[in-house]
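Results of the structural survey
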Amino acid sequence: MTEGTTSAGVQHGSVYSERLGVALVFGSAFFWSFGGAIARFLHIDDNWTIVFWRCLFAGLFLIAFMLVRDGPAGTVKLFRDMGWPGITVGLCFTIAATCFIIAISHTTIANVLLLGAGVPLFAALITWICFRQRVSLFTWCAIALVIVGVAVMVSGSFTGAVSPIGDALALLTAFVFALATVITRRYPHVRMTPATCFGCLAASAFAATQASSLTVTNGELGLLFIFGAFNLGLGMMLFAMGARLIPSALAALLGTAETMLGPVWVAIIHGEIPALRTVVGGLLILAALLGYLTAEFHRQAKLKG
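We now turn to the structure provided with this report. Keep in mind that this is a model prediction, so the values were computed, not measured. (Residues numbered from 1 in each chain as written. Predicted model: local features only at pLDDT ≥ 70, side-chain atom pairs only at ≥ 80, totals over all residues. Heavy atoms only, no water.)

1. Description of the state of the cysteines
- Inspection of every chain in the model, using the stated rule, returns zero disulfides.
- Left unpaired, C92 is separated from the closest cysteine sulfur, that of C99, by 11 Å.
- The class for C99 is buried, based on a relative accessible area of 7%. (Disulfide = S-S within 2.5 Å. Buried < 20%, exposed > 50% of the residue type's maximum accessible area, 1.4 Å probe, protein only.)

Below, the structure is given as structure tokens:
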């Protein structure tokens, strides 16, 4: 009787943890999806000024979160234990956070988000190139479909509809995120919260050296606080808490909510309608991604079972 009760309790706890993880990761994607809509409200000429304030507020939010959760000594230990893998992941985030802001000033929000949707497949490609890890035929087909989708989307850059700079920076953002994913898989001890916090503060410090001015109005400062602390910082906090409770493929699958919702908010709030090339190319990327992640989720479930 005791044994059966204990087993049921463990199973119930496992189911509860997984449901909590799903809710937290979906919540992170939901908060992240408003990034483009918030950015379009900002009318600051210098992108480096936006990077500075957004990343500063996000970094401070994450420090506050770690101080509450782990205490001062625990927070210091988290940063000290990052090592070079954590620093590298942080620097990847520095590049990604910076490129995102500059990219959306040169291309559409939909282009940036949909080009970034291929991160898990780019990660599989990087793993094959760097570590010769076996890639299944299905994954190769999904990667090929992503490449076709990217080609369709960026073809708009050569018609003058959007700047190739924006699409190039969006692809760079996806690449460094994929690289960070590969590193965290190879070094599972790397904690995402201190690494991304370091990346935010590094991006803010670098932007301070590049910005023509850091002065903004009170209204702009309020928007930048929301953009940094809640859109970026809170989203990262929820993801860091939830991703540890569910399989990585399921976390990536839930993350597609950002890709799908982001362009919708921008279209509704700002009337920024994606071009036909963006829709077609984005659908190809999403189809490849959803197929790959569904297959990966079933594979992980079989291994777990």
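Following the structure, the description resumes.
2. Comments concerning helix α3 (residues 47-80)
- Here α3 contains 34 residues, and its C-alpha end-to-end distance of 32 Å is more than 12% below the 50 Å for a straight helix at 1.5 Å per residue.
- The axis of α3 is deflected most strongly, by about 110°, at D70, and proline P72 appears within four residues downstream.
- Regarding α3, its N-cap is D46, as a side-chain oxygen of that residue lies 3.0 Å from the backbone nitrogen of W48 further along. (Helix = DSSP H or I, 4+ residues; strand = E, 2+ residues; numbered from the N terminus. Expected span 1.5 Å × (residues − 1). Bend = angle between axes of the 7 residues up to and from the residue. Polar contact = N/O pair within 3.5 Å; in protein donor to acceptor, adjacent residues only side chain to side chain.)

3. Observations concerning the packing of aromatic side chains
- Counted under the stated rule, the structure contains 14 aromatic pairs.
- Arranged with centres 6.0 Å apart and planes meeting at 80°, the rings of F93 and F177 form a pair that is edge-to-face. Of this pair, F93 sits in helix α4 (residues 83-104) while F177 sits in helix α8 (residues 164-186); the two residues are 84 residues apart in sequence, bridging distant segments of the chain.
- On the accessibility criterion, F177 (35% relative accessible area) is partly exposed.
- An angle of 85° between the planes, with centres 5.5 Å apart, marks the rings of F225 and F230 as edge-to-face.
- For F225, a relative accessible area of 37% corresponds to the partly exposed category.
- Cluster of aromatic residues (ring-pair linked, three or more members): F52, W53, F57, F61, F225 and F230.
- Over the aromatic face of F227 sits the side chain of R54, whose NZ or CZ is 4.1 Å from the ring centroid.
- The positively charged end of R186 is found above the aromatic ring belonging to F131, 3.8 Å away from the centroid. (Phe/Tyr/Trp six-rings, centres within 6.5 Å; stacked < 30°, edge-to-face > 60°. Lys NZ or Arg CZ within 6 Å of the ring centre and 35° of its normal.)

4. Here's the deal with the environment of V152
- Note on placement: V152 falls in helix α7 (residues 137-154).
- Relative accessible area serves as the criterion here: at 25%, V152 is assigned to the partly exposed category.
- Counting along the chain gives 125 residues from V152 to R277, while the straight-line C-alpha distance between them is 6.0 Å.
- If we skip the residues at most four places from it in the chain, V152 touches R277, V280, G281 and L284. (Contact = heavy atoms within 4.5 Å.)

5. Re the nonpolar core
- By size, the foremost hydrophobic cluster in this structure holds 76 residues, and its most contacted members are I50, L121, V146, V150, L224 and F227.
- If we ignore the near neighbours within four places in the chain, the residues touching V150 are L115, F122, L171 and I285.
- One finds M82, C92, V176 and A195 within the second-largest nonpolar core, a separate group that totals nine residues. (Core = buried A, V, L, I, M, F, W, Y, C linked by side-chain atoms within 4.5 Å.)

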